[in-house]
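Architecture and fold: a report
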Amino acid sequence: MNANRQWMYNRLKDGLLSTEFLNGLEEFIQFASTHPECMDGMNIRCPCSMRRCSNRRFLCVDDVRYHLMKNGFVPNYYSWTAHGEGWDDQGTSSVLLSENIMENDFQTGANGRYHEMVLEGFGLPPQIEFMEEAPNAEAQRLYEMLQAASEELWPGCNKHTKLSAVARLMNMKSEHHFSVKCFDQIVEFLKEVLPEDNVLPDNFYKTKKLIEGLGLPVEKIDCCRNNCMIYWSGDAELQECKFCQLPRYKRTVNSLTKQVVHKPYKKMYYFPLTPRLQRLYASDATAPHMRWHAEHEYEEGVMHHPSDSPAWKHFNACYPSFGSEIRNVMLGLSTDGFQPFGQSGQQYSSWPIILTPYNLPPWMCMKSEYMFLTVIVPGPNNPKFKIDIFLQPLIEELKQLWNMGVETYDVDKKQNFLMRVALLWTISDFPAYAMLSGWSTAGRLACPYCMDNTDAFTLPRGGKQCWFDNHRKFLNHNHPWRKNKSWFRKNKVVTEHAPLVRTGEEILHEIESLGLMRVTDPGSDVVNVVISKTCGWRKRSIFWDLPYWSSLLIRHNLDVMHIEKNFFDNLFNTIMNIEGKTKDNAKAREDMREICRRPELEVNAETGRYPKAIYALDKPAKQVICEWMKGLRFPDGYVSNMPRCVDMNKYRLFGMKSHDCHIFMQRLLPIAFRELLPMRVWEAITELSIFFKQLTSTILREEDMQRLEEDIPVILCKLERIFPPGFFDSMEHLPVHLAYEARIGGPVQYR
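Residues numbered from 1 in each chain as written. Predicted model: local features only at pLDDT ≥ 70, side-chain atom pairs only at ≥ 80, totals over all residues. Heavy atoms only, no water.

Details of the overall build of the protein
- Scanning the protein from terminus to terminus reveals 26 helices and 21 strands.
- By residue count, 49% of the 751 residues in the protein fall in the buried class.
- Put simply, of all contacts in the protein between residues at least 6 apart along the chain, 63% involve residues at least 24 apart.
- As displayed, the protein has an accessible area near 36,000 Å², and 50% of this comes from carbon and sulfur atoms. (Helix = DSSP H or I, 4+ residues; strand = E, 2+ residues; numbered from the N terminus. Buried < 20%, exposed > 50% of the residue type's maximum accessible area, 1.4 Å probe, protein only. Contact = heavy atoms within 4.5 Å. Areas by Shrake-Rupley, 256 points an atom, 1.4 Å probe, with all protein chains shown as cover.)

Here it is, written out as structure tokens:
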């Protein structure tokens, strides 16, 4: 604060404009008029206290003078940075950052990386255009960090800035496990060694306060040990779980102070979504791309992006007020469990919840820097159907972003707008599908599309659920295979049609009529367990709390890569006849004898042995396959080192990742078995390979997806004529629904 400018806020004296204010006003007008770099022609920024001015609008000198005499200056504007003060000596202002600070000497070498670190911490690329409005608290924090990035450690130091030195010290503390006391002593010693006018922080506390400005806001929320609840919102003050009555805190004794400390048994981390979405509009490098979904050229019937899909268009048609503002954000949610301590052998399962904005173009949309980690569900156990408990803060924020929105500045349009957000669908593997949707993906009713209209049955010998002969009903109504009584199940004719896809309103009505409860409701465990014995539902998903959830055409996506990998594993292991993994065994042959007519595969009465199947390779053929794979070479980045996955002792594959199976299924499978399998077996496998290849294309055409919807039941029926019933579990059934999802939701790379 400049004491000699107190006149700015002593405008009136005895009800009249004071002489001090009028003289100072003319001094301000003369100063602002001599800095053309901050002017728009002959106009200057108006710093009056009116909301629409406040250093935002350019007005002529007479209008600015009138506004200031009438309304006074904007609060705390003692430093005239918006009018050029400090530009000559500091190279920056609190409203606009000049290009000097973006291209100074610190942009080269090590210190330039720390400058970029500040920008990355705020989710902003280096090529950034800052808003022409008075900075809010978030923007001011960014300016302070940029100033720290450019501030010399001491006058004349050209190797380190304040931020680079602090970041280096924090890195050493993390790498070598310094205690706080040790860190303070090191900093104290460094300050003694450095020149007296250095700006290095005095202790760990001040260092941490400086560094934490880089980070995003995070909420630490205590949890019940049994995953019954989180101590959040109205339950934040509870001291014990309201479901199981276990205590919230454990008592420990500080080894230094000998004081009793209360620590929570378990806690989760929640990273608010709103500031990260706002920062996408704060950068000139990302703000224009957030409108790409509505501004790109669209070809009828061709889908390059989820915004081209019927699901997106249907949502905008249902909510025209949302669709009319193209800067509103569509999100996709994905989750999966992983073991962070797997290499140490410790069993600990953690579940990250990740959100992706779909407004961005294809070359940016699925990049890791635009995938926002929002929730970390703690371990050590799988949360299973109780994952909704940890989603409560996210769902509450999504509801607020839908109902009220948040004021956001678009740096590309130079205007504020009310940003609203909608969740388009979720993405997960099949087990996590059940956790998110509430529909059980195990047992006879595992298919979330067929639901109760499934023809799955339990194998009498194998004891597992089987989807054999579940696909003839998806054929055309006049297809001759519907009446065939020999190739599929004995003496069975299929006359029924494929079940219709149920709408969200129909599903929600069923859930409400059954009386299913949210897992966050008291007594939900008892009620839901009783209801789940008569249907496939296990709970009322928390996603139904979103006002628009029942309007979506697709709410939970089937993960194509997960299904493709499982299908490939079953197919390859059965053809290679891998012991313990093949679907063709003695129990499968016994089941086949009861279900099908395949005398060529039945047990020989004289020898008591089962004959070799036409789809199974002998040892020389398996050796040929493995040696061929050993010699394969691929371009860098195309696939992992696949030859390392070959076991030449047992002639099998091991350690294949999902992407490896994806490449093998679509590119290598037809080549590998071309000369080793009978033609009708090879043709069916090749058609399946082509199906997955076309399904995962980057550009989808509506007529192609309709054709695939008609082709995939035929392909599965061909496989049913070849492989035993035990081969067909839920993973071999789900491809019949993948083409529909691609036609409705767009390219599978985004889902």
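So much for the structure itself; the text now carries on.
What about the packing of helix α19 (residues 560-575) against helix α22 (residues 658-672)?
- Look at α19 against α22: their axes get within 9 Å of each other, and the N-to-C directions meet at 65 degrees. In this structure, α19 crosses over α22, and the sense of that crossing is left-handed. Between α19 and α22, the contacting residues are M561, E564, K565, F567, F568, D569, L571 and F572 on the first element and S658, H659, C661, H662, F664, M665, Q666 and L669 on the second.
- For the contact of α19 with α22, the class distribution of residues is nine nonpolar, four polar and three charged. (Axes fitted to C-alpha atoms, helices over the stretch in contact; angles between N-to-C directions. Left-handed = near helix turned anticlockwise from the far one by under 90°. Nonpolar A, V, L, I, M, F, W, Y, C, P; charged D, E, K, R; others polar.)

Let's talk about a positive patch on the surface
- A grouping of K208, K220, K250, K263 and K267 is seen on the molecular surface, where their side chains present a positively charged patch.
- Structurally, the position occupied by K208 is in helix α9 (residues 204-211).
- Look at K208 and you get partly exposed, because its relative accessible area is 45%. (Patch = residues over 30% accessible without salt bridge, like charges linked within 9 Å, V, L, I, M, F, W, Y side chains within 5 Å. Salt bridge = Lys/Arg side-chain N within 4 Å of Asp/Glu carboxyl O. Lys, Arg positive; Asp, Glu negative; His and termini not counted. Charge placed at Lys NZ, Arg CZ, Asp CG, Glu CD.)

Remarks on the environment of C661
- Here C661 is to be found in helix α22.
- The spatial distance from the C-alpha of C661 to the C-alpha of E564 is 7.5 Å, given a sequence separation of 97 residues.
- When neighbours within four sequence positions are excluded, C661 is seen to be in contact with K565, F568, D569 and M656.

Section: the confidence of the model for the protein
- Within the protein, residue pLDDT values average 85, and 89% of them lie at 70 or more.
- Predicted confidence is poor over residues 88-110, with pLDDT under 50, and the contacts of this stretch with residues over four places away or in other chains come to 46 contacts.
- Note that residues 126-131 has pLDDT below 50 and, in this model, 24 contacts with residues that lie over four places away or in other chains. (pLDDT = per-residue confidence, 0-100.)

Focus on the pairing of strand β12 (residues 372-377)
- Sheet analysis places strand β8 (residues 266-270) next to β12, joined by two bridges and oriented antiparallel. Note on β12: the bridge partner recorded for Y269 is I376.
- For strand β11 (residues 351-357) and β12, the ladder comprises five bridges, and the chain directions are antiparallel. Considered in β12, the bridge of L355 is made with F372. (Pairing = 2+ DSSP bridges.)

Topic: the pairing of β11
- Where burial is concerned, most of β11 is hidden: six out of the seven residues are buried.
- Relative to β11, strand β10 (residues 329-335) runs antiparallel, the two being bridged by five bridges. Looking across to β11, one finds that G332 is bridged to T356.

What to know about the packing of aromatic side chains
- Tallied over the full model, the rule gives 37 aromatic pairs.
- Geometrically, the ring pair formed by F723 and F727 is stacked, given 4.6 Å between the ring centres and 15 degrees between the ring planes.
- Judged by relative accessible area, which is 0%, F723 ranks as buried.
- Through a chain of ring-to-ring contacts, the aromatic side chains of F468, F567, Y615, F691, F692, F723, F727 and F728 assemble into a single cluster.
- Directly above the aromatic system of F417 lies the positively charged group of R327, at a separation of 4.1 Å from the ring centroid.
- In this structure, R489 packs its charged tip against the face of F457, placed 4.1 Å from the ring centre. (Phe/Tyr/Trp six-rings, centres within 6.5 Å; stacked < 30°, edge-to-face > 60°. Lys NZ or Arg CZ within 6 Å of the ring centre and 35° of its normal.)

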